[in-house]
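Listed below are the residues making up each chain.
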Amino acid sequence: MKAADGMDSAEGRGTASGARPTSRDVARLAGVSHTAVSFVFNGRAEGNLSPATQERIREAAARLGYRPDPVARGLRRRRTAVIGLVTDEIASSPFAGRLLRGAMETAWSSDHLVLTVDSGGDPAKEDAAVAELLDRRVDGIIYAAMSLRRVRVPEGLHRTHSVLANCLPEDGSLPAVVPAERAGGRTAARLLLEEGHRRVAVVGGQDDIASVDRLRGFRDALRAEGITVPREWVVRSGGEIAGGYEGAMRVLDGVPADRRPTGIFSYNDRVAAGVLHAATRLGVAVPGELSVVGYDDQEHMAEFLTPPLTTVALPHRAMGDAAARLLLDAIDTGRTPPATVQRLACPVISRASVGPAPSR
């Protein structure tokens, strides 16, 4: 091996042309063979090179600004170090950023990039996007929906390692990572029960998977305490602010204080905003006379409502992370993961919209 002073004289030779430095430039600067440099950057150094030699090679690479060619390395390993992410409405969903960050950070920690395509919910575009990603030889694909639902599996997903995030395959053919919605409903109920609320209503939602599971979980927790939600206090009024306002008015307006609900579980935070608006309109104090629980923890909204909203958060970032980990494990092992459903906990974000039940 050449002495350290050889590194200084070689540095100029490696960079004089101004071209991108190569592994051979690194070898000259470090005073080692080209094979030794390949060992370090292909993960084969242990057992072949001493720690001191490995360190000298890495130091030389850093001084030259050398980075391995990912395309060439991918061809050798038959991988591209890129995974695809196809989603239905990444541009318009307030939660897309969280799921993307979770997937991208996990992929980056494993030296993978994420190539993202927004289909706008068009099945033909989804099929075309998957085909394009396959043509680009991505190592695997995450297919994500921005609202929990059963999805038609786009053509081509079965030709590579694939994982679904926040959706379930209609044919049960692929692994999926989704929120534990029923458990989230139980969590929402316990937030009210623990404060002594026994007269509770549910506002918002429709007949989708999330609505059904959240209501089931909510009723599970109440049933365990011997409490039943009256039918007229379950108001399916959609998922927007107007629906929350309408639903809250139906259960609060004109009802004597000792006969109206003291707690409302809202389908999501937008619905909860409508509930808070209705309470203000009717002069019902929150949380003094009425406690309100939201769902989603929507950024730039939940914490800025009056009062700031206590809510059950959807684990979008954790879903992105878990889906990427599942996919990367399949890529690394070459084994297709079983078509199971992984359900992630929905954590509580405590703020100021829930308080003790009023004594009447």
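Everything here concerns the structure above.
What counts, and where the lines are drawn
- Residues numbered from 1 in each chain as written.
- Predicted model: local features only at pLDDT ≥ 70, side-chain atom pairs only at ≥ 80, totals over all residues.
- Heavy atoms only, no water.
- Axes fitted to C-alpha atoms, helices over the stretch in contact; angles between N-to-C directions.
- Helix = DSSP H or I, 4+ residues; strand = E, 2+ residues; numbered from the N terminus.
- Parallel < 35°, antiparallel > 145°, perpendicular 65-115°, else oblique.
- Left-handed = near helix turned anticlockwise from the far one by under 90°.
- Contact = heavy atoms within 4.5 Å.
- Nonpolar A, V, L, I, M, F, W, Y, C, P; charged D, E, K, R; others polar.
- Pairing = 2+ DSSP bridges.
- Core = buried A, V, L, I, M, F, W, Y, C linked by side-chain atoms within 4.5 Å.
- Buried < 20%, exposed > 50% of the residue type's maximum accessible area, 1.4 Å probe, protein only.
- Salt bridge = Lys/Arg side-chain N within 4 Å of Asp/Glu carboxyl O.

**Examining the packing of helix α2 (residues 23–30) against helix α4 (residues 51–64)**
Argument step 1. Taken N-terminus to C-terminus, the directions of α2 and α4 make an angle of 120°; their axes are 9 Å apart at the nearest point. Accordingly, the angle class assigned to the pair α2 and α4 is oblique. For the element pair α2 and α4, the recorded crossing hand is right-handed. Seen from α2, the contacting residues are Asp25, Val26, Leu29 and Ala30; seen from α4, they are Arg56, Ile57, Ala60, Ala61, Arg63 and Leu64.
Argument step 2. A breakdown of the residues in the contact of α2 with α4 according to their chemical character gives seven nonpolar, no polar and three charged.

**Quick notes on the sheet that holds strand β3 (residues 140–144)**
Argument step 1. Across the sheet, six strands lie side by side as β2-β1-β3-β5-β7-β13; this open sheet has parallel pairing. The two strands at the open ends of the sheet, each matched to only one other strand, are β2 (113–118) and β13 (341–344). Averaged over all neighbouring strand pairs, the angle between strand axes comes to 20°, with direction disregarded.
Argument step 2. Pairing analysis gives six bridges linking strand β1 (residues 82–87) to β2, with the strands arranged parallel. Bridge pairing in β2 places Leu85 opposite Thr116.
Argument step 3. On the sheet, helix α6 (residues 96–109) packs against β1, β2, β3 and β5 (161–165) and is oriented at approximately 150° with respect to β2.

**Points about the nonpolar core**
Argument step 1. Core analysis: the largest hydrophobic core is formed by 47 residues, its most contacted members being Phe218, Ile264, Val275, Leu290, Val292 and Val293.
Argument step 2. With residues near it in sequence (within four places) discarded, Val292 still touches Ile264, Ser266, Ala272, Val275, Leu276, Val286, Leu309, Thr310, Ser353 and Val354.
Argument step 3. With 22 residues, the next largest nonpolar core counts Met146, Ala165, Val177 and Leu344 among its residues.

**A closer look at the sheet that holds strand β9 (residues 234–235)**
Argument step 1. Taken in spatial order, the six strands line up as β9-β8-β10-β11-β12-β14 in an open sheet, and their pairing is mixed. Bordering the open sheet on either side are β9 and β14 (348–349), each of which pairs with just one other strand.
Argument step 2. The strands touched by helix α10 (residues 241–252) are β8 (200–203), β9 and β10 (263–266); relative to β8, the strand with the most contacts, the crossing angle is about 150°.

**So, the pattern of salt bridges**
Any two side chains of opposite charge can pair, so long as their charged atoms come close to each other.
Argument step 1. Tallying each qualifying case throughout the model produces 19 salt bridges.
Argument step 2. We note a salt bridge from Arg136 to Glu132, for which the minimum N-O separation is 3.1 Å.
Argument step 3. A salt bridge links Asp220 to Arg186, with the shortest nitrogen-to-oxygen separation between them at 3.3 Å. Remark: Arg186 occurs in helix α8 (residues 181–193) and Asp220 occurs in helix α9 (residues 209–224); sequence separation between them is 34 residues.
Argument step 4. We classify Arg186 as partly exposed; its relative accessible area is 28%.
Argument step 5. Here the salt bridges do not stand alone but share partners, grouping Arg182, Arg186, Asp220 and Arg223 into one network.

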